[in-house]
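Structural characterization, general
Residues per chain are reported as follows:
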Amino acid sequence: MIVDCAHYRDGRRQHEGKMAPEEAAAICKQDPGFVWLGMVEPSPAELEHVQDAFGLHELAVEDAQSFHLRPKVETYEGGITFVVLRTARYVDELEEVEFGEVSIFIGPGFIITVRQGVASDLHESRLRLEHHPKLLEEGPSSVLWAILDKIVDDYAPVVEGLERDIEEVEQTVFSGAHAPTQRIYLLRREVTDFYRAVHPLLGPAAAITQGGVLAISPALRQYFRDVDDHLKLVNEEIVAQRDLLTTILQANLAVVSTEQNEVVRRISAWAAIITVPTFIASFYGMNFDHMPELHWRLSYPAVVIVMVVAGVMLWRGFKRAQWL
């Protein structure tokens, strides 16, 4: 679905409402300025329509319809640059991270964005740029900066949400109680997925900042450098979270192992206590021919007393050894 399509010239939007792709393609070839066409989860037919209008490469269009791609920057014939960015959103109700993608086509006089997923609404980026005409005068590169800045800023709440979840399981484990191993495993998998969305973007972001991908002015390069710094900080925090979760998982396994050993010791202690009367009772069940104590009047009370005393002594010994 096409959510907006506008022509910008001299840092200003030239009309109200959205244009048709054919009209936008004709304008970007004839008039100065550039066209920004935004799409959200378009159908294959809609993408094919835009592809024909702007002359996009079929491989790039195919990637724009895919999901779970790695962040990348590629250059195609006709001076078109294709950029893939991963978006992320932390859902408080589910305590989970949802991922999406933004595919960007940058060509002579136009930029096309294709968003998949609910994370990182780009409408805010468009409004932000429209309130900064100086930035819009930089052309499609300024739109790429606004999108990249929005996506990287949206990473911060994800880092904070994961940090809260990690602190919860950390407090549980190091308080002496074991946390559900599945919860720690799933949390570590989310952090790993987040790492895969952020870390591969470091290279493309650095290349864009250095001007190796697009021709950007020194003034705009400062904005890209700021985004690159924030991206590196997010990456460092994710790496630290992965390492911490590995430590927590190991500590939790140690707590579980300690609890299992404690249970085994308790079972062994009670088994030893029960063994004493069992042994004495089984001894009298062997049917020996000569057992003179069978005819003693006090033999039964004596045997019971021996069993009780032995059991109490064993219980106290295991208690002192903290097996019970």
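The rules we used
- Residues numbered from 1 in each chain as written.
- Predicted model: local features only at pLDDT ≥ 70, side-chain atom pairs only at ≥ 80, totals over all residues.
- Heavy atoms only, no water.
- Helix = DSSP H or I, 4+ residues; strand = E, 2+ residues; numbered from the N terminus.
- Contact = heavy atoms within 4.5 Å.
- Axes fitted to C-alpha atoms, helices over the stretch in contact; angles between N-to-C directions.
- Parallel < 35°, antiparallel > 145°, perpendicular 65-115°, else oblique.
- Left-handed = near helix turned anticlockwise from the far one by under 90°.
- Nonpolar A, V, L, I, M, F, W, Y, C, P; charged D, E, K, R; others polar.
- Core = buried A, V, L, I, M, F, W, Y, C linked by side-chain atoms within 4.5 Å.
- Buried < 20%, exposed > 50% of the residue type's maximum accessible area, 1.4 Å probe, protein only.
- Patch = residues over 30% accessible without salt bridge, like charges linked within 9 Å, V, L, I, M, F, W, Y side chains within 5 Å.
- Areas by Shrake-Rupley, 256 points an atom, 1.4 Å probe, with all protein chains shown as cover.
- Salt bridge = Lys/Arg side-chain N within 4 Å of Asp/Glu carboxyl O.
- Lys, Arg positive; Asp, Glu negative; His and termini not counted.
- Charge placed at Lys NZ, Arg CZ, Asp CG, Glu CD.
- Phe/Tyr/Trp six-rings, centres within 6.5 Å; stacked < 30°, edge-to-face > 60°.
- Lys NZ or Arg CZ within 6 Å of the ring centre and 35° of its normal.

Quick notes on the side chain of threonine 113
Relative to the helices and strands, threonine 113 resides in strand β7 (residues 110–116). The residues contacting threonine 113, other than those within four sequence positions of it, are Trp36, Leu37, Gly38, Met39, Ser103, Ile104, Leu122 and Ile147.

Section: the packing of helix α1 (residues 21–30) against helix α2 (residues 44–54)
Where α1 contacts α2, the axes come no closer than 9 Å and their chain directions differ by 25°. Here α1 is positioned roughly parallel relative to α2, judged by the angle of their axes. Pair α1 / α2 crosses with right-handed handedness. Contact residues: α1 offers Pro21, Glu22, Ala24, Ala25, Cys28 and Lys29, while α2 offers His49, Val50, Ala53 and Phe54. For the contact of α1 with α2, the residue count by class is 7 nonpolar, 1 polar and 2 charged.

Observations concerning the nonpolar core
As a rule of thumb, soluble globular proteins bury nonpolar side chains together. In terms of nonpolar packing, the biggest core is built from 55 residues, with Ile104, Ile147, Tyr155 and Phe194 touching the most fellow members. The leading source of residues in this core is helix α6 (residues 140–174), at 15 residues. Once you skip the residues sitting within four places of it in the chain, isoleucine 147 turns out to touch Trp36, Leu85, Val102, Ile104, Thr113, Leu122 and Ser125. Counting residues in hydrophobic clusters, the runner-up holds 27 residues, among them Ala53, Ala60, Val61 and Ala64.

A word on a negative patch on the surface
A contiguous patch of negative charge, built from Glu160, Glu163, Glu167, Glu168, Glu236 and Glu237, is present on the exposed surface. Listing elements by their share of the negative patch, those giving two or more residues are α6 and α9 (218–284). At 4 residues, the largest contribution of residues to the negative patch is made by α6. Mapping glutamate 160 onto the fold places it in helix α6.

Some remarks on the pattern of salt bridges
Per the stated rule, a full pass over the model turns up 16 salt bridges. Taking the shortest distance from any N to any O, the salt bridge between arginine 126 and aspartate 4 comes out at 3.5 Å. Taken together, the positions of arginine 126 in helix α4 (residues 123–130) and aspartate 4 in strand β1 (residues 2–9) put the pair 122 residues apart, joining distant regions of the chain. We classify arginine 126 as buried; its relative accessible area is 4%. Owing to a relative accessible area of 11%, aspartate 4 belongs among the buried residues under this scheme.

Points about the packing of aromatic side chains
Across all of its chains, the model carries 6 aromatic pairs by this definition. The interplanar angle of 75° and the centroid separation of 5.5 Å between the aromatic rings of tyrosine 155 and phenylalanine 194 together place this pair among those described as edge-to-face. With tyrosine 155 in helix α6 and phenylalanine 194 in helix α7 (residues 181–198), the pair connects residues that are 39 residues apart, well separated along the chain. Take tyrosine 155: its relative accessible area is 0%, and that puts it in the buried class. Residue classification places phenylalanine 194 among the buried residues on the basis of a relative accessible area of 0%. Here the aromatic cluster, defined as three or more aromatic residues joined through ring pairs, consists of Tyr76, Phe82 and Phe105. The cationic tip of arginine 126 hangs over the ring face of tryptophan 36; the distance from NZ or CZ to the ring centre is 4.0 Å. Taking NZ or CZ as reference, arginine 242 lies 4.5 Å from the ring centre of tyrosine 195, over its face.

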